[in-house]
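What follows is each chain in one-letter form.
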Amino acid sequence: KIGHFSAVAQHLVQVFWPGPLTLVVPLKEGAGISGLVTAGLNTIALRSPAHPLAQMVLAQSGLALAAPSANVSGTVSPTTAEHVRRGLPNVDFILDGGATTKGLESTIVQMGEGDKQIILLRPGPITSEALQAACGVNVVSIKQDQAAPVSPGALLKHYSPKATVRLFAQDHRPGEGVLGFGTETVGSDVPFYNLSEQEDLDEAAQRLFAGLHWMDAQGVSGIAVRPIPNQGVGMAINDRLRRAAAQE
């Protein structure tokens with residue numbers, strides 16, 4: 001009723017919905033969607049969330065929901081209701097379904113011309129490898145126009161904590177906290193948040209934004225981030241960290 005789904009897009013829906021995959025598809029004429037939702041574009045980003053609470057809201061409303069992130073644009077994404085309360089203190093009410101299970105925003109894709117490729121607009125929990133394995137179509141990444149990005153979360157500077165972020169850090173400097181990955185320990189005087197002691201990328205993804213929120217709560221001036229493998233969901237983790245570290 002809302003968008004045109006190609007054959008490959010329909011297959012991705014069958015495999016990954018409900019779940020953390022957003023599909024950007026051509027908007028159908030007469031869909032009744034406000035231009036405020038589509039930013040005036042002739043495409044629309046659609047997703048079916050897996051969380052039981054989200055499914056309940058959708059079922060009881062009988063409507064499609066316009067769903068921006070529950071945070072001020074450019075700041076760290078929330079993964080708990082408490083993050084939302086702190087970031088948006090004037091919100092009237094919050095549906096609290098517990099902490100997010102994946103930790104990162106959905107993967108966003110768009111079909112290439114003729115269904116010959118899948119264009120990755122934002123990496124996320126569903127990896128390029130999983131997408132390609134599901135339908136046998138190559139997955140390619142594109143560099144979006146920062147002046148007019150075609151998908152959410154595509155701005156160069158995004159997901160940013162108050163503290164400055166330093167990537168691939170092998171040390172820590174005065175005033176910095178450490179975002180760890182692995183078995184490392186630091187002195188008790190250094191704020192330390194380990195994304196995954198077992199070097200599990202899924203666990204690191206689930207804990208990433210919570211770690212950035214925690215660092216801000218400690219009042220650090222900077223965050224030294226240990227190297228994280230750029231493979232699988234690690235690509236999505238590093239994508240968010242690069243945007244968090246970007247300068248204005």
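In what follows, the structure referred to is the one given above.
### A word on the pairing of strand β4 (residues 117-122)
Next up, step 1: For β4, a buried count of five out of six residues is recorded, marking the element as mostly surrounded by other parts of the structure.
Next up, step 2: Of the strand pairs in this sheet, strand β3 (residues 107-111) and β4 are connected by four bridges, and their pairing is antiparallel. Bridging from a neighbouring strand, isoleucine 108 pairs with arginine 122 of β4.
Next up, step 3: What sits between the antiparallel neighbours β3 and β4 is a turn of five residues, in which glycine 114 has the positive phi angle 75 degrees.
Next up, step 4: What joins β4 to strand β5 (residues 138-141) is helix α5 (residues 128-135), and the crossover it makes is right-handed.

### Focus on the sheet that holds strand β6 (residues 164-166)
Next up, step 1: Sheet architecture is open: four strands sit in the order β6-β9-β7-β8, paired in parallel fashion. Every other strand in the sheet has two partners, leaving β6 and β8 (192-194) as the edge strands with one partner each. Geometrically, the sheet is characterised by an average inter-axis angle of 20 degrees between neighbouring strands, direction not taken into account.
Next up, step 2: Two strands pair when backbone bridges link them, and strand β7 (residues 176-180) and β8 are joined in this way by three bridges, in the parallel orientation. Within β8, the position partnered with leucine 179 by the bridge is tyrosine 193.
Next up, step 3: This element, helix α6 (residues 201-218), spans β7, β8 and β9 (222-225) of the sheet and lies at about 175 degrees to β8.

Procedures and definitions
Residues numbered from 1 in each chain as written. Predicted model: local features only at pLDDT ≥ 70, side-chain atom pairs only at ≥ 80, totals over all residues. Heavy atoms only, no water. Buried < 20%, exposed > 50% of the residue type's maximum accessible area, 1.4 Å probe, protein only. Helix = DSSP H or I, 4+ residues; strand = E, 2+ residues; numbered from the N terminus. Pairing = 2+ DSSP bridges. Right-handed = clockwise from strand over helix to strand, strands pointing away. Axes fitted to C-alpha atoms, helices over the stretch in contact; angles between N-to-C directions. Contact = heavy atoms within 4.5 Å.

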